[in-house]
Protein chains: 2
Amino acid sequence: MLKLSRLADYAIVILVKLGEQDGVVTSPALAAITGVPEPTVAKVLKVLSAHGFVLSQRGAKGGYRLARSLADMSVASVIAAVDGQIALTACVGGRECDTGLSCGLCGSWDVINTAIRSTLEGISLESMRPKEACSTVLSQINKLNATHTVREGA
Amino acid sequence: MLKLSRLADYAIVILVKLGEQDGVVTSPALAAITGVPEPTVAKVLKVLSAHGFVLSQRGAKGGYRLARSLADMSVASVIAAVDGQIALTACVGGRECDTGLSCGLCGSWDVINTAIRSTLEGISLESMRPKEACSTVLSQINKLNATHTVREGA
DNA sequence: CCGAAACAGGACCATTCAGGTCTTTAATTA
DNA sequence: TAATTAAAGACCTGAATGGTCCTGTTTCGG
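Parameters and conventions
Residues numbered from 1 in each chain as written. Chains lettered and ligands numbered in written order. Predicted model: local features only at pLDDT ≥ 70, side-chain atom pairs only at ≥ 80, totals over all residues. Heavy atoms only, no water. Core = buried A, V, L, I, M, F, W, Y, C linked by side-chain atoms within 4.5 Å. Buried < 20%, exposed > 50% of the residue type's maximum accessible area, 1.4 Å probe, protein only. Contact = heavy atoms within 4.5 Å. Near = heavy atom within 4 Å. Polar contact = N/O pair within 3.5 Å; in protein donor to acceptor, adjacent residues only side chain to side chain. Helix = DSSP H or I, 4+ residues; strand = E, 2+ residues; numbered from the N terminus. Nonpolar A, V, L, I, M, F, W, Y, C, P; charged D, E, K, R; others polar. Expected span 1.5 Å × (residues − 1).

The name recorded for chain A in an unreviewed UniProt entry is SUF system Fe-S cluster assembly regulator, from Acetobacter fabarum.

Written out as structure tokens, the structure is:
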């Protein structure tokens, strides 16, 4: 169903959330914020660090912070970093697919791949940040779920 | 890596190839033409038939033929038929993802999903048909691979 | 100077799901 | 009536993703 890998999904969520914090944030803290299991957060962060999306600081009081603004990160670049090249099919670049040579659609896929890629490149992480109206709904849901623990500002 | 399922890939190839034949074509014949294993071809054709892309004729001298012109089939519709709804993530329609409620990107994904979908809807199967120059290259490759069996026109 | 905290970089397992095969049934035609 | 072919669905297998854990290495604080 043309779905994104969950890791890439997490990566985007984590980056957006990280952008909303100030100072360095530890991976356990990010796990708490996003709800993603800690080891997975750490794994994603490592990849993002290797690809220059976040800067890491080791040692006690270490953590992560964004390497650049969310507006300077495209959805495409994040997906490519986590999942590898964005391509719908195996036969890219005019090469033949592995079904033999009878496909005959050689090159036609490139049109699609390019279209998808440019679509995703045009969307920045900044534009993924929750909108106001949406945040309101979210906080309400959060309140519902936090009923027996904390009741902040209500 | 944001890849298409192989079944959807096959479906498109099969439809394009089917459009180049005249009269009804059996699935074994299509398997021979496309190089895709016969049972898989049959499986894909069944799905395509159920979704109205091809018309089936049972019994002896039966087979499949296109239900409408290739120009009237979008890549998006074929993918949707074989793989289900085209959506990058689980959280569509403003619903929250299953990581809990902390995603907070509610609705943002819809922008991406819609963009991808409309991109794919704008590409017809007709435009996937091999171009002349490309066919030439293909036939050359075919000749190379058929060296020890048949040498047609060379 | 030592210990705790936190990232780095792997290896590793387990689950899921897509891909593919097979069998049976029903329909059509010669 | 017999042969051919699609329809439908059960079932198996293998790859890959997702997730966990372990062992270093670095840095800060006491």
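There's more to say after this.
(A) Broad picture of the nonpolar core. Ranked by size, the top nonpolar core spans 74 residues in total, and within it Leu 120 and Leu 125 of chain A together with Leu 120 and Leu 125 of chain B carry the most contacts. Leu 120 of chain A has contacts with Ser 74, Val 75, Ala 76, Ile 79 and Ile 86 of chain A together with Leu 2, Ile 112 and Ile 116 of chain B, leaving out every residue within four places of it along the chain.

(B) Summary view of the protein's contact with DNA strand D. Around DNA strand D, 25 residues are found, and the nearest of them are Arg 6 and Leu 7 of chain A together with Lys 46, Ser 56 and Tyr 64 of chain B. Atoms of DNA strand D within 4 Å of the protein: sugar and phosphate make up 68%, bases the balance. Arg 58 of chain A places a polar side-chain atom, nitrogen or oxygen, 2.9 Å from a base oxygen of DNA strand D. Gly 59 of chain A places a main-chain nitrogen or oxygen 3.5 Å from a base oxygen of DNA strand D. Looking at the surface near DNA strand D, the elements with two or more residues in it are helix 1 (6-20) and helix 3 (38-50) of chain A together with helix 3 (38-50), strand 1 (54-57) and strand 2 (63-66) of chain B. Here the residues of the surface near DNA strand D are counted per class, giving seven nonpolar, ten polar and eight charged.

(C) Highlighting the side chain of Asp 83 of chain B. All names here are of chain B. For Asp 83, the location among the structural elements is in helix 4 (residues 75-83). Judged by its relative accessible area of 15%, Asp 83 is buried. In terms of polar contacts, Asp 83 uses its side chain to reach the side chain of Ser 5, at 2.6 Å.

(D) How the structure looks around the side chain of Ser 74 of chain A. For Ser 74 of chain A, the location among the structural elements is in the loop between strand 2 (63-66) and helix 4 (75-83). Discounting chain neighbours no more than four positions away, the residues touching Ser 74 of chain A are Leu 120, Glu 121, Ile 123 and Ser 124 of chain A.

(E) Region of interest: the protein's contact with DNA strand C. Near DNA strand C lie 25 residues; those nearest to it are Lys 46, Ser 56 and Tyr 64 of chain A together with Arg 6 and Leu 7 of chain B. Within 4 Å of the protein, the atoms of DNA strand C are drawn from sugar and phosphate moieties in a proportion of 68%. Between DNA strand C and Lys 46 of chain A, the relevant distance is 2.7 Å, taken from a base nitrogen to a side-chain nitrogen or oxygen of the residue. Arg 58 of chain B places a polar side-chain atom, nitrogen or oxygen, 3.1 Å from a base nitrogen of DNA strand C. Within the residue set of the surface near DNA strand C, elements represented by two or more residues are helix 3, strand 1 (54-57) and strand 2 of chain A together with helix 1 (6-20) and helix 3 of chain B. Taken together, the residues that form the surface near DNA strand C break down as seven nonpolar, eleven polar and seven charged.

(F) Quick look at helix 1 of chain A. For helix 1 of chain A, built from 15 residues, the straight-helix expectation of 21 Å at 1.5 Å per residue is met to within 8% by its first-to-last C-alpha distance of 21 Å. Considered for burial, the residues of helix 1 of chain A that qualify are Ala 8, Asp 9, Tyr 10, Ala 11, Ile 12, Val 13, Ile 14, Leu 15, Val 16, Lys 17 and Leu 18 of chain A. Check the buried side of helix 1 of chain A and you find it contacts helix 2 (27-34), helix 3, strand 1, strand 2 and helix 4 of chain A together with helix 5 (108-121) of chain B.

(G) Spatial organisation of the environment of Tyr 64 of chain B. All names here are of chain B. Along the chain, Tyr 64 falls in strand 2. Under the relative-accessibility criterion, Tyr 64 is labelled buried at 15%. Sequence-wise, Tyr 64 and Val 54 are ten residues apart; in three dimensions their C-alpha atoms are separated by 6.4 Å. Excluding residues that lie within four positions of it along the chain, Tyr 64 makes contacts with Leu 18, Gly 23, Val 24, Val 25, Leu 45, Lys 46, Ser 49, Val 54, Leu 55 and Ser 56.

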